[in-house]
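Report on the structure
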Amino acid sequence: MTAIHRLLRGVAGLATLGTLVLASTEVTRACSDEQAEELDSAVVRAAAAARVGWNAATKSAAGDTVRLQLLGINDFHGQLSGRRVANRPAGGAAVLASYLEAETAAFNGTTIIVHAGDHVGASPPNSSLLQDEPAITFLNYFANDACEDKYRLPQFPGGSVRLNPDCNMVGTFGNHEFDEGSAEALRLIYGGTHPNGPFLESNFDGAHFPYVLSNVVFKSSKLPLVPPFVIKNVDGVQVAFLGAVLKETPTIVTPTGVAGLEFLDEADAINGYVADLRKQGVRAFVVTIHQGGTQAGQTPSGAIVDLVKRFDADIDVVISGHTHSFMNALMPNAGGQPVLVTQAFSSSTAYDDVELTLDRTTGDVIQKSALVNTTWGDTGPGLTPNTEIASLVRAADEKVAPLVNRVIAEAATALVRSENSAGESNLGNLIADAQRAAMGTDLAFMNPGGIRADLDAGTVTWGELFTIQPFGNSLVKLDLTGDQIYRLLEQQWKGQPFPRIMKTSGLTYAWDAARPVGSRIIEVQKGGVAIDRATTYTVTCNNFMAAGGDNYTVFTEGKNQLGGPIDLDALIDYVQALPQPFTATIEGRIQRLN
């Protein structure tokens, strides 16, 4: 008996769970969030809504099949309130709920709601300031009575797992679920009051549905963080749902957030469990995975494509996430079989509508199709938002309003994340300047992925600045030599899944796109004078970068590290001190050749 078998040997005795036997196992994203948003348009949304499908050559006779609908969401990021897409209202929890309810009511068969990670983290204030508890409460609204059944398995820390096969929901982890460490992630799943709580609930009850994750284990024991999979009962047919998160999570999360955990290869982990479940008679497999790609206006591309090629031949559907784009395509797995792969943009503005037909005798999926539907707020179900969820959002808004609505400053012009061809943005310049001023250093660097929203012209509130910098990262002062700075700047391309051009303050530099990765930086200057490779300079970055996040590993070589204020506080202090109304411009801090 392997360690994994011993881990859940007690589950077999729970009659209500059905068959649950675990395998013995050896134990890039395609584009940035900013790039994904640029690919988002009315045309792209219309393309995503075109149904894609596949039928097996041999179909069961009428009456020998069952129907299953999967409603998938990903990268919700606590988006309780609506937003605009292609200049139309879309999303928000109450609108999304109305769409999911309408789909469920219209479907003649079983419906299961699936989320593919990043449901929490990098959230607007009305969720983030309440530790994203409202985002979990929103999903709990859809859980049926079977989801309430809990089974205490001491092998899983934090609480009792929900593995009833008749539960109509399942979710997995994204990288942002680890932002505050595994203990906080497990609190959101299993419940408990946060040290800063209670918030909207006097005793937060956690997620009323199972989380599954096959490729994250404790380093010390090699045991899974949460159950790797759950088997659902679909009108008498078993369907296995397996979860995974991108194995590169430790490179994009603060190291303290993943301390004590090991992230395994996604395909290897999933395939190991599929092989064992197949021996137990399961023939239908759905993967919910926080890894993705993009399809907007082109052939599907990105990390998910290569992963699917390695997936076991019996995997039927992949609900993906992470890249904030859309996917709706058939891709071959390791056995050359077509896998239906979906991803529904992000932030509550869309959902996957997947329809499956299963052979009752063999348990196989014999038909499958999908579309990605936008949750428009000005038509269809969006015209009647769910009233109970709308009340939840109002309660969250009221709880945080005193802080969120506090006026900080006045912006003369809009400040945006959009970069010029060199990689410079006016909002990035403002943030980098704020951080350098807060720490009094020679230079400052800001990672582009940490800038989460644009700033409109006019009155600037605390809530708007929080939405731009929601992570609560602290600033770090450290020493780097000129040579290390050159190597750091090369890491904007070297070892990256896509270019990550940092926003800078206190220096200017030129880079040549025609030169090979690793030798693109031409010259770095401070005050118009080339920096000396042997000279030491004081540098500001955030604690995420200082720990090597986003693959900027040169920061970990920095000497004399000293902690500073939270990045949001530094930005607030800086813009308040500027002549009002304030602004920032693209100044040519970064120059691109070729």
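Notes on the structure follow. (Residues numbered from 1 in each chain as written. Predicted model: local features only at pLDDT ≥ 70, side-chain atom pairs only at ≥ 80, totals over all residues. Heavy atoms only, no water.)

1. Re the overall build of the chain
We count it as follows: Put simply, DSSP H or I for four residues or longer makes a helix, DSSP E for two residues or longer makes a strand, and each gets a number counted from the N terminus. Only C-alpha atoms enter the radius of gyration, while the globule expectation follows 2.2 Å times N to the 0.38, with N the number of residues. The buried label goes to any residue with under 20% of its type's maximum accessible area, the exposed label to any with over 50%, and the partly exposed label to all in between, with areas taken from a 1.4 Å probe on protein chains only.
Counting its regular elements, the chain contains 16 helices and 27 strands. For 594 residues, the compact-globule formula gives about 25 Å, and the C-alpha radius of gyration of the chain, at 24 Å, lands near that figure. Considering only C-alpha atoms, the chain reaches an extent of 75 × 45 × 45 Å along its principal axes. Evaluated residue by residue, the chain yields a buried proportion of 58% over its 594 residues.

2. Here we look at the packing of helix α6 (residues 133-140) against helix α11 (residues 387-404)
Helix-helix packing is characterised by the crossing angle of the two axes and by the distance between the axes. Basically, it comes down to this: Axes here refer to lines fitted to C-alpha atoms; in helices the fit is confined to the stretch in contact. Angles between the N-to-C directions go from 0 to 180 degrees. Here the angle decides the label: under 35 degrees means roughly parallel, over 145 means roughly antiparallel, 65 to 115 means roughly perpendicular, and every other value means oblique. Any two residues having at least one pair of non-hydrogen atoms within 4.5 Å are treated as being in contact.
Closest axis-to-axis distance for the α6/α11 pair is 10 Å, and the angle between their directions is 170 degrees. Here α11 runs roughly antiparallel to α6, going by the angle between their axes. Residues P134, T137 and F138 of α6 touch α11, and the partners they reach there are I389, L392 and A396.

3. Digging into the state of the cysteines
What counts is decided by this rule: For this text, the term disulfide refers to a pair of cysteine sulfurs within 2.5 Å.
Per the stated rule, a full pass over the model turns up one disulfide. Through a disulfide, C147 is tied to C167; the S-S separation comes to 2.0 Å. Between C147 and C167 the sulfur-sulfur dihedral comes to about 90 degrees; the bridge is accordingly right-handed. Here C147 is found in the loop between α6 and β6 (169-171), whereas its partner C167 is found in the loop between α6 and β6, with 20 residues between them in sequence. The burial state of C147 is the same as that of C167; both residues are buried.

4. A short note on the pattern of salt bridges
The following threshold applies: Salt bridges are counted wherever a side-chain nitrogen of Lys or Arg sits within 4 Å of a carboxyl oxygen of Asp or Glu.
A complete count under the given rule lists 23 salt bridges for this structure. Of the charged contacts in the structure, one is a salt bridge between R589 and D433, with a shortest N-O distance of 2.7 Å. On the criterion of sequence distance, the pair formed by R589 in the loop between α16 (567-577) and β27 (590-593) and D433 in helix α12 (residues 426-439) is long-range, its members being 156 residues apart.

5. Some points on the sheet that holds strand β21 (residues 503-505)
The cut-off we apply is this: Pairing between strands is defined by DSSP: at least two bridges between them are needed.
Read across the open sheet, the five strands follow the order β21-β18-β25-β20-β26; overall the sheet is mixed. Edge strands, defined here as strands with exactly one partner in the open sheet, are β21 and β26 (559-566). Averaged over all pairs of adjacent strands, the angle between strand axes in this sheet comes to 25 degrees, irrespective of strand direction. By the bridge criterion, three bridges tie strand β18 (residues 443-446) to β21 in an arrangement that is antiparallel.

6. Overview of the nonpolar core
Buried together is how nonpolar side chains tend to be arranged in soluble globular proteins. Our working definition: Throughout this description, the term nonpolar core refers to a set of buried Ala, Val, Leu, Ile, Met, Phe, Trp, Tyr and Cys residues connected via side-chain atoms within 4.5 Å.
The biggest cluster of nonpolar side chains holds 107 residues, and the ones touching the most others in it are L70, F138, F178 and L465. Those residues in contact with F138 that sit more than four places away from it in its chain are F76, A93, L96, A97, H119, I389 and L392. A422, V476, L507 and W511 belong to the second largest nonpolar core, which has 29 residues in total.

7. Notes on the sheet that holds β27
Within the open sheet, the four strands sit side by side as β24-β23-β22-β27. Their pairing is mixed. The open sheet terminates on both sides in strands that have one partner only, identified here as β24 (529-530) and β27. Judged from the four bridges that link them, strand β22 (residues 508-512) and strand β23 (residues 521-526) form a sheet pairing that is antiparallel. Within β23, the position partnered with T508 by the bridge is Q525. Of the strands in this sheet, β22 and β23 are in contact with helix α14 (residues 482-490), which crosses β23 at around 130 degrees.

8. Regarding the packing of aromatic side chains
Keep this limit in mind: Pairing of aromatic rings covers Phe, Tyr and the six-membered ring of Trp, with a centre-to-centre limit of 6.5 Å; geometry is then stacked below 30 degrees between planes, edge-to-face above 60, and tilted otherwise. Remark: a charge is flagged as sitting over a ring if the NZ atom of Lys or the CZ atom of Arg is within 6 Å of the ring centre and within 35 degrees of the ring normal.
Here the structure, examined in full by the defined rule, presents 14 aromatic pairs. Judged by centre distance (6.0 Å) and plane angle (70 degrees), the ring pair of F445 and F555 falls under edge-to-face. Of this pair, F445 sits in strand β18 while F555 sits in the loop between α15 (543-546) and β26, and the two are 110 residues apart along the sequence. Its relative accessible area of 0% is what places F555 among the buried residues. Note that R88 overlies the ring of W376, its terminal NZ or CZ placed 3.9 Å from the centroid. The aromatic ring of W54 is capped on one face by K368, whose charged end is 5.0 Å from the ring centroid.

9. Some words on the pairing of β22
Burial analysis of β22 places four of its five residues in the buried class, which makes it a mostly covered element. Across four bridges, the pairing between β22 and β27 is parallel. Bridging from a neighbouring strand, D512 pairs with L593 of β27.

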